[in-house]
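Take a look at the letters that make up each chain.
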Amino acid sequence: MEVYAHANNSLDGLPSKIREYVQEKITLCQPSSFHVCDGSEQENQELLDAMEQAGVIRRLKKYKNCYIATTDPRDVARVESRTIICTKNMNDVVSTPRSGFPPVTDPNLPKNLKQTPLGNWMDSDEMMEVMEKRFAGCMRGRTLFVIPYMMGPYSSPYSKVAIEITDSPYVVVSMRIMTRMGTQVFKELKVPDGSTVVKCLHSVGVPLPSDKPVCSTWPSNPEQTLITHFPERNEIISFGSGYGGNSLCGKKCLALRIGSSLAKREGWLAEHMLIMSITNPEGVKKYFVAAFPSACGKTNLAMLRPKGLPGYKVECVGDDIAWMHFDEEGRLRAINPEFGFFGVAPGTSKSTNPIALDMVHENTIFTNVAETSDGDVYWEGIDQEIDGLHETLIRSWKNKRWSVDLGEPAAHPNSRFCTSIKQCSILDPEWNNPQGVPIEAIIFGGRRPVGVPLVFESFNWQHGVFVGASMRSESTAAAEFKGKQIMHDPFAMRPFFGYNFGQYLSHWLSFGKKEGLQLPKIYHVNWFLKDSQTNQFLWPGFGENIRVIDWIFRRLTNDSSKKASARKTAIGLIPDQSTSDGIRGGEVNPALLEISNDFWLSECKAIRNYFEENVNENLPKEITLELDALQKRLSQ
Ligand code: GTP
Ligand code: SPV
Ligand code: MN
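Residues numbered from 1 in each chain as written. Chains lettered and ligands numbered in written order. Predicted model: local features only at pLDDT ≥ 70, side-chain atom pairs only at ≥ 80, totals over all residues. Heavy atoms only, no water.

Trainee: Can you tell me about the overall build of the protein, naming the residues and giving the values?
Mentor: Across its full length, the protein holds 14 helices and 32 strands. Expected size for 636 residues packed as a compact globule is a radius of gyration near 26 Å; at 24 Å, the protein falls within 12% of this value. Principal axes of the C-alpha set define a box for the protein whose edges measure 70 × 60 × 45 Å. Among the 636 residues that make up the protein, the fraction classed as buried is 62%. In the protein, of all internal contacts separated by at least 6 residues, the share reaching a separation of at least 24 is 74%. Positive and negative charge centroids in the protein, built from 70 and 74 side chains respectively, lie 2 Å apart. (Helix = DSSP H or I, 4+ residues; strand = E, 2+ residues; numbered from the N terminus. Rg over C-alpha atoms; globule rule 2.2 N^0.38 Å. Buried < 20%, exposed > 50% of the residue type's maximum accessible area, 1.4 Å probe, protein only. Contact = heavy atoms within 4.5 Å. Lys, Arg positive; Asp, Glu negative; His and termini not counted. Charge placed at Lys NZ, Arg CZ, Asp CG, Glu CD.)

Structure below.
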């Protein structure tokens, strides 16, 4: 889609600093027209219609206002190796690895780029030059869209106003789902000239006419892709990719990378966490947050429909990102900066996540799922009967006729649905509260087929921070990693830190030293233990995760007659199945709560190596003390 016919190309209504910024980028990118988005229903529909006509998206016959977009097969996930934080001083972003930086071998990446397992850094002035070159004339033949948007509820002291400039109409319609979008957000500005607005610039990197053999309906420029962040200027510049996490700049780029660096400066926390409420059978309600790495179960837990324990109710505030502040009473309060869900499709079914499945049958944009001949969606694990006839009529995400015999999935493993939060039927009544919701527990977790028990409680805040810092998880399709390797993923934030991880740890630890804070308790869970013989999951997961949430809930009560007991182990406190108040509601395979000293000693070794190699002089001494103490407990 080259030109948007109904363009509003007046910049008059924009705050002065934003107007200047937009004018500068129009001059740089040379689009053939531009349009300032108002966020209206009409604008949205016109864009969807135009994209449908151009073959960028296909309408799903079976549902109301639902579409499928399929991407260039080279542009299907976040690209962590090309995601960079740019500042003046390197140590603000990464520590020098003990064994030095690897040489940059990719000829398309700037030579002075410093790559580490905890993030990539480059000098901000140098990167600005690199990006100016990529953006010069990059929108020729296309429409430049200006998207004003806001992360967080209206009238919240914690929300942030931003704009994204993009040449992708897919980004416009997706940002309208994922954020509060439209010119009205400028009314929220505390500084009217717009100087505090976070600025994002995005291009698919394919000016028209294009001489490259690009995938016709999904323009992208994988060789030249760079996702860059400038925390000292509150700017994001993203080039070459149209995929969600790389192009919807409000999400990981702003809410986590720029967000965490703002949070450090301003004294709060921006985290890769779901926010949920749990109401127990007596009607007592508590809010929890949980950090699991990408594609490790946040959306599913946030929308959990309890199974196996009667009387519990779960409601959803957010499924991916939490912005958290301690309030005047010392309570930790969380807002969801987003306005929609960009959720993993595969594995979503009536039995695993009925709430999500219900919500995506209206006003939803699917990316890289498969389509059936009767205009329905299809993906691995949707649990839908496919008879012989039906099967031959599935169109895969690669736009080919698909059958099981092809030996490849019908939907891409990182295929996604994009749906407004308002369509979630179990939205918590406080989801939009400008003050956020009070958090009583922080849950970390990962995909660990061996060794890590179903659940444990940390001894205190400092130990809990160490537990977050030590997180490891099997890699998933949410980024470009191949195969299933156990990767370190501290706080589920490894791809999203906006500043030095060592300083991030100090920031978390600092709350443990402040007077008057009601610090939440910190837990670690693992739904993914497997039987080594059968390779089957040992824990039913999904709805039955309420049985673990129930134990955590009962650990948090002040009423000693109701408080769940726990067994002390070297790694933390675990449910005591020799009593009646351990994990309830059914069987618990004893292997789920086994602690092997040998396993944990090797874990300690891996964690120590990782910290020494990648955090070294920036590692807070408290974390080393916790690691030493754990190792000592395990050796006793
Ligand atoms: P991002 O959106 O990438 O941040 O992922 P997420 O953390 O929200 O993960 P999500 O809830 O979408 O789950 C990812 C995959 O894990 C899906 O295929 C789920 O079906 C699967 N999954 C989620 N919860 C469980 C569980 O309790 N047990 C098992 N076995 N699989 C689960
Ligand atoms: C993730 O990868 O953690 C996601 C999807 O939530 S993306 O928006 O691509 O980051
Ligand atoms: Mn995520």
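Trainee: How would you sum up the sheet that holds strand β25 (residues 416-420)? Please name residues and give values.
Mentor: Spatially, five strands are ordered β2-β3-β20-β25-β19 in an open sheet, and the strand pairing comes out mixed. Across the chains shown, the open sheet's two edge strands, defined by having one partner strand only, are β2 (57-59) and β19 (340-344). Across this sheet, the average inter-strand angle for adjacent strands is 20 degrees, counted without regard to direction. Inspection of the sheet shows β19 paired to β25 by five bridges, in the antiparallel sense. Each residue of the ladder has a partner; that of phenylalanine 342, found in β25, is cysteine 418. (Pairing = 2+ DSSP bridges. Axes fitted to C-alpha atoms, helices over the stretch in contact; angles between N-to-C directions.)

Trainee: For the site of ligand 1, give the residues involved together with the corresponding values.
Mentor: Around ligand 1, the structure places 21 residues, and the nearest of them are Ala295, Lys298, Thr299, Asn300 and Arg416. The side chain of arginine 416 places a nitrogen or oxygen atom 2.8 Å from an oxygen atom of ligand 1. Asparagine 545 is positioned such that a nitrogen or oxygen atom in its side chain is 3.0 Å from an oxygen atom of ligand 1. The protein chains hide 92% of the 650 Å² of surface that ligand 1 would expose on its own. Sort the elements by how many residues they give to the shell around ligand 1 and helix α7 (residues 298-302) lands first, with three residues. Residue classes in the shell around ligand 1 are distributed as nine nonpolar, eight polar and four charged. (Near = heavy atom within 4 Å. Polar contact = N/O pair within 3.5 Å; in protein donor to acceptor, adjacent residues only side chain to side chain. Areas by Shrake-Rupley, 256 points an atom, 1.4 Å probe, with all protein chains shown as cover. Nonpolar A, V, L, I, M, F, W, Y, C, P; charged D, E, K, R; others polar.)

Trainee: Help me get a handle on the site of ligand 2, residues and values and all.
Mentor: What surrounds ligand 2 is the set Arg78, Tyr243, Gly245, Lys251, Lys252, His272, Ser294, Asp320, Phe342, Arg416, Ala478 and Phe496. The separation between an oxygen atom of ligand 2 and a polar side-chain atom of arginine 78 is 3.0 Å. Side-chain polar atom of histidine 272 to an oxygen atom of ligand 2: 3.3 Å apart, as the coordinates give it. Contact with the protein chains hides 98% of the accessible area of ligand 2, taken as 280 Å² for the molecule alone. Classifying every residue of the shell around ligand 2 gives four nonpolar, three polar and five charged.

Trainee: Provide a residue-level description of the domain arrangement of the protein, including the pertinent values.
Mentor: We note that the domain assignment places domain 1 (16-57 + 75-266), domain 2 (270-338 + 429-635) and domain 3 (341-423) within the protein. Computed from C-alpha coordinates alone, the two centres of domain 1 and domain 2 are separated by 31 Å. Each partner contributes to the interface: domain 1 provides 42 residues, whereas domain 2 provides 43 residues. Summed over both sides, the interface of domain 1 with domain 2 buries roughly 3,800 Å², with 51% coming from carbon and sulfur. Summed over the shared surface of domain 1 and domain 2, the number is six salt bridges. Between arginine 98 and glutamate 613 there is a salt bridge, with its nearest N and O atoms 4.0 Å apart. In this assembly, domain 1 and domain 2 are joined by 26 residue pairs in polar contact (both at pLDDT 80 or more). The set of elements that each furnish at least two residues to the side of domain 1 that touches domain 2 consists of β7 (143-151) and α6 (250-266). Per element, the largest residue contribution to the side of domain 1 that touches domain 2 is 11 residues, and it comes from α6. Residues that form the side of domain 1 that touches domain 2 fall into these classes: 20 nonpolar, 12 polar and 10 charged. (Domains from an automatic or database assignment. Buried area = accessible area lost by both parts, 1.4 Å probe. Salt bridge = Lys/Arg side-chain N within 4 Å of Asp/Glu carboxyl O.)

Trainee: Talk me through the packing of aromatic side chains; I want residue IDs and the actual numbers.
Mentor: Following the criterion strictly, the structure yields 26 aromatic pairs and no others. Geometrically, the ring pair formed by tyrosine 312 and phenylalanine 553 is edge-to-face, given 6.0 Å between the ring centres and 75 degrees between the ring planes. One end of the pair, tyrosine 312, is in the loop between α7 and β16 (313-318); the other, phenylalanine 553, is in helix α12 (residues 546-555), and 241 residues separate them in sequence. Phenylalanine 553 matches tyrosine 312 in its accessibility class, with the two residues each being buried. (Phe/Tyr/Trp six-rings, centres within 6.5 Å; stacked < 30°, edge-to-face > 60°.)

Trainee: Any chance you could break down helix α11 (residues 501-513) for me, citing the residues and the numbers?
Mentor: Between its first and last C-alpha atoms α11 spans 19 Å; for 13 residues at 1.5 Å apiece the expected length is 18 Å, and the two agree. Those residues of α11 that fall on the buried side of the exposure criterion are Phe501, Gly502, Tyr504, Leu505, His507, Trp508, Leu509 and Phe511. (Expected span 1.5 Å × (residues − 1).)

Trainee: An account of the sheet that holds strand β24 (residues 401-402) is requested, with residue identities and associated values reported.
Mentor: Spatially, β22-β21-β23-β24 is the arrangement adopted by the four strands of the open sheet, whose pairing is antiparallel. For this open sheet the edge positions go to β22 (377-378) and β24, each flanked by a neighbour on one side alone. As defined by bridge partners, strand β23 (residues 394-395) adjoins β24 across two bridges and the pair is classed as antiparallel. By the bridge assignment, arginine 395 is partnered in β24 with arginine 401.

Trainee: Describe the coordination of the manganese ion (ligand 3), with residues and values.
Mentor: Within the protein, the manganese ion (ligand 3) binds to Lys252 (NZ), His272 (NE2) and Asp320 (OD); these donor distances fall in the range 2.2 to 2.5 Å. Considered as a linear motif, the donors of the manganese ion (ligand 3) on their single chain read K-x19-H-x47-D. With lysine 252 in helix α6 and histidine 272 in the loop between β13 (269-271) and β14 (274-279), this residue pair connects regions lying 20 residues apart in the sequence. (Donors = N, O, S within 2.8 Å, 3.2 Å for Na, K, Ca; no water.)

Trainee: Which residues make up the packing of helix α10 (residues 461-469) against α11, and what values go with them?
Mentor: At a minimum axis separation of 9 Å, α10 and α11 run at an interaxial angle of 155 degrees. It follows from the interaxial angle that α10 and α11 lie roughly antiparallel. With respect to the hand of their crossing, α10 and α11 are arranged in right-handed fashion. Here α10 contributes Trp461, Gln462, Val465 and Ala469 to the contact with α11, which in turn contributes Phe501, Leu505, Trp508, Leu509, Phe511 and Gly512. Its residues placed into classes, the contact of α10 with α11 shows eight nonpolar, two polar and no charged. (Parallel < 35°, antiparallel > 145°, perpendicular 65-115°, else oblique. Left-handed = near helix turned anticlockwise from the far one by under 90°.)

Trainee: Explain helix α2 (residues 41-53) residue by residue, including any values.
Mentor: In a regular helix each residue adds 1.5 Å, so 13 residues correspond to 18 Å; α2 covers 18 Å between its end C-alpha atoms and thus fits that length. Taken as a whole, α2 has its buried residues at Glu43, Asn44, Glu46, Leu47, Leu48 and Met51. The elements touched by buried residues of α2 are β1 (33-36), β2, β3 (67-69), β7, α4 (169-178) and β20 (365-367). Glycine 55 lies just past α2 and shows a positive phi near 80 degrees.

Trainee: For the environment of lysine 514, give the residues involved together with the corresponding values.
Mentor: As for its placement among the helices and strands, lysine 514 is situated in the loop between α11 and β30 (521-525). On the basis of relative accessible area, lysine 514 is assigned to the partly exposed category, the value being 47%. Measuring from C-alpha to C-alpha, the distance between lysine 514 and glycine 330 comes to 9.6 Å, with 184 residues separating the pair along the chain.

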